[in-house]
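Listed here are the chains, written in short residue letters.
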Amino acid sequence: WLSVREFGTIAPTEQYTEYDKELEESSKEEAFAFFSEVLANNLPITSFLDSDFLVINERLARHYEIDNVQGKHFRRVALTPQNHRGGIFGMAGLMTLLADGTRTLPVRRAAWIRENIFNNPPPPPPPNAGEVQPNTKGEKLTVRERLERHRNEPTCASCHTPLDPYGLALENYDAIGKWRTHQNGENFRGKKRPEIDVSGQLPSGRKFTSLQEFKAALLAEKDAFAHAFSERLLTYALTRPVGYIDHKTVSELTNALKENDYRIQPLIEAAVLSEAFQSK
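Description of the structure in this document. Note that the structure is predicted; figures quoted are calculated from it, not measured.

### Quick word on the environment of Gln183
So, step 1. Residue placement: Gln183 occurs in the loop between helix H6 (154-168) and strand E3 (200-201).
So, step 2. Between the C-alpha atoms of Gln183 and Pro194, which are 11 residues apart in sequence, the distance is 5.5 Å.

### A word on the nonpolar core
So, step 1. The biggest cluster of nonpolar side chains holds 67 residues, and the ones touching the most others in it are Ile45, Ile66, Ile113, Ile117 and Phe214.
So, step 2. The leading source of residues in this core is helix H8 (residues 222-238), at six residues.
So, step 3. Among residues more than four places away in sequence, those in contact with Ile113 are Phe89, Phe118, Tyr166, Leu170 and Phe214.

### Let's talk about the pattern of salt bridges
So, step 1. Enumeration over the complete set of coordinates arrives at 15 salt bridges.
So, step 2. For Lys215, the salt bridge is made with Asp50, and the minimal N-O distance between the two is 3.2 Å. Of this pair, Lys215 sits in helix H7 (residues 211-219) while Asp50 sits in the loop between helix H1 (21-40) and strand E1 (53-56), and the two are 165 residues apart along the sequence. This pair shows no difference in class: Lys215 is buried, exactly as Asp50 is.
So, step 3. In this structure, Arg144 engages Asp197 in a salt bridge whose closest nitrogen and oxygen atoms are separated by 3.6 Å. Residue Arg144 is found in helix H5 (residues 143-151), and its partner Asp197 is found in the loop between H6 and E3; the two are separated by 53 residues along the sequence.
So, step 4. By relative accessible area, which is 15% here, Arg144 ends up buried.
So, step 5. A cluster of three or more residues bridged by salt bridges with shared partners is formed by Lys21, Glu24, Glu25 and Lys28.

### Observations regarding the packing of aromatic side chains
So, step 1. A full pass over the atoms with the stated rule returns 12 aromatic pairs.
So, step 2. Relative to Trp179, the ring of Tyr173 lies with its centre 5.5 Å away and its plane at 75°, an arrangement referred to as edge-to-face.
So, step 3. You can call Tyr173 buried: its relative accessible area is 0%.
So, step 4. The exposure class assigned to Trp179 is partly exposed, which follows from its relative accessible area of 23%.
So, step 5. Joined through ring pairs, the aromatic side chains of Trp1, Phe34, Phe35, Phe48, Phe53, Phe225 and Phe229 make up one cluster.

### Side note on the packing of H1 against helix H10 (residues 264-273)
So, step 1. Put simply, H1 and H10 touch, their axes get as near as 8 Å, and they point 80° apart. As summarised for this structure, H1 and H10 are arranged roughly perpendicular, according to the angle between their axes. Contacts from Phe35, Val38, Leu39 and Ala40 in H1 reach Ile264, Gln265 and Ile268 in H10.
So, step 2. Tallied by class, the residues present in the contact of H1 with H10 amount to six nonpolar, one polar and no charged.

The rules we used
- Residues numbered from 1 in each chain as written.
- Predicted model: local features only at pLDDT ≥ 70, side-chain atom pairs only at ≥ 80, totals over all residues.
- Heavy atoms only, no water.
- Helix = DSSP H or I, 4+ residues; strand = E, 2+ residues; numbered from the N terminus.
- Core = buried A, V, L, I, M, F, W, Y, C linked by side-chain atoms within 4.5 Å.
- Buried < 20%, exposed > 50% of the residue type's maximum accessible area, 1.4 Å probe, protein only.
- Contact = heavy atoms within 4.5 Å.
- Salt bridge = Lys/Arg side-chain N within 4 Å of Asp/Glu carboxyl O.
- Phe/Tyr/Trp six-rings, centres within 6.5 Å; stacked < 30°, edge-to-face > 60°.
- Axes fitted to C-alpha atoms, helices over the stretch in contact; angles between N-to-C directions.
- Parallel < 35°, antiparallel > 145°, perpendicular 65-115°, else oblique.
- Nonpolar A, V, L, I, M, F, W, Y, C, P; charged D, E, K, R; others polar.

Here it is as structure tokens:
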């Protein structure tokens, strides 16, 4: 679900001097450790969208600028708003995967959210739509500025307008998941680096100006997330794609979540007790 098998397949360029093998391996384990924490303690699945804790070791804590975490073992660590973390967004492994080693890729991050959080992948781009290009020599455009230029193409606006805000909301995380307030990568250096702007509006109409407001906007759509998460879990349980015949089962699983404060264990129990699982 979180694409952990692909963590480490993107090699950051040498400008990201902090990235090393220990960070790469720790970032893989973080996803499993966080999921295990949610499962073992029967936490709400909304914890994946935002949480007041992480499950990390010393190497990740140093990367996330969180103090007083020592040792290689993973443990639950309480967060403050100043840590700018919580849930899966900001996990170093995922943010690195959804970049290209040099720069962040908001469109890739947005498409990942639409597909994996809401089971609503964006349509494929029209023929000859082109891509958002990196800066050419002499240019100093931010990713947001290049996306705005790209959206000015008539064939691109219809897809990018409802999609881009999901990815731009995560721009405070650079190409290795490090928190930033100003542009870095792509030779952005010095005191005059452009400030990061994450503001946007989701298709639901909800506006946001910060990462925390973006997470709040996602949490406002937790029923859609619950439905998508139930589909994902049922797919895993049945070891086959979920189809039209499973519509009732997915609804039952989603209801099990809602009736139990979105906690994960009742969802798993409902999946195991479902006719689809019992008769597979």
